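Next come the chains, spelled out residue by residue.
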Amino acid sequence: MDAALVTALGVIGSAVVAGAAAMYGSRISGRAQREGNAVNGFNSLTDQLQEERKELRTEVATLKLELAEERAESARLRLIVQTLGGTS
């Protein structure tokens with residue numbers, strides 16, 4: 001073999017290795033991007049759920065307060081009825 005043939009085979013071999021490395025790197029990059037998108041989506045959903053949970057806690061607290069007020073009013077009215085001689 002002469003030097004030109006060895007050099008040509010070396011260049012072809014290097015190109016094949018470089019192409020394989022590029023394909024492998026592209027697959028890893030694509031997988032990392034998909035995983036990153038999944039994590040971002042998960043974080044977004046988690047944030048939304050936490051906001052909804054906070055809103056629901058506020059709503060439940062408001063409803064509990066309203067229920068307590070209604071019960072107090074009902075007890076007050078029962079007492080008035082009993083004071084006036086009625087039965088509750």
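The preceding data block contains the structure.
Per chain, the residues get numbers from 1 upward, laid out in the order the sequence is written. Per-residue local features are limited, in this predicted model, to residues with pLDDT of at least 70; the limit for side-chain atom pairs, both in listing and counting, is 80 or more; totals at the level of whole chains, interfaces and linings are taken over all residues. Water and hydrogen atoms play no part in the side-chain values, which are based on all heavy atoms of the structure.

What's the story with the overall build of the protein chain in this structure? I'm lost.
The numbering of helices and of strands both runs from the N terminus, where a helix is a DSSP run of H or I of at least 4 residues and a strand a run of E of at least 2. Per the secondary structure count, the protein chain includes 1 helix and 0 strands. Within the protein chain, the proportion of its 88 residues that are buried is 1%. The method behind every accessible area is Shrake-Rupley, applied with a 1.4 Å probe, and residues are considered shielded solely by the protein chains displayed. Element-wise, carbon and sulfur atoms account for 62% of the exposed surface of the protein chain, whose accessible area totals about 7,800 Å². Exposure classes here rest on a 1.4 Å probe applied to the protein chains alone. A residue is buried below 20% of its type maximum, exposed above 50%, and partly exposed in between.

Teacher, can you tell me more about the pattern of salt bridges here?
For side chains of opposite charge, pairing can occur when their charged atoms come near one another. Salt bridges are defined by distance alone: a side-chain nitrogen of Lys or Arg within 4 Å of a carboxyl oxygen of Asp or Glu. In this structure the tally under the stated criterion is 1 salt bridge. A salt bridge links R76 to E73; the shortest N-O distance between them is 2.8 Å. Of the two residues, R76 and E73 are both situated in helix α1 (residues 3–83); the distance of 3 residues between them amounts to about one turn of the helix. The partly exposed category is assigned to R76, whose relative accessible area is 42%. On the basis of relative accessibility, which here comes to 34%, the residue E73 falls in the partly exposed class.

What should I look at first to understand a nonpolar patch on the surface in this one?
Excluding any residue in a salt bridge, patches collect residues exceeding 30% relative accessible area, merging like charges within 9 Å and nonpolar Val, Leu, Ile, Met, Phe, Trp and Tyr side chains within 5 Å. A cluster of nonpolar side chains, namely L9, I12 and V16, defines an oily patch on the protein surface of about 290 Å² accessible area. Within the fold, L9 resides in helix α1. By relative accessible area, L9 is classed as partly exposed at 45%.

Is there a simple way to explain a negative patch on the surface in this structure?
This count recognises Lys and Arg as positive and Asp and Glu as negative, with His and chain-terminal groups excluded. Each charge is placed at NZ for Lys, CZ for Arg, CG for Asp and CD for Glu. Together, D47, E51, E52, E55 and E59 line one region of the surface with negative charge. Relative to the elements of secondary structure, D47 occurs in helix α1.

These figures capture arrangement, not role.
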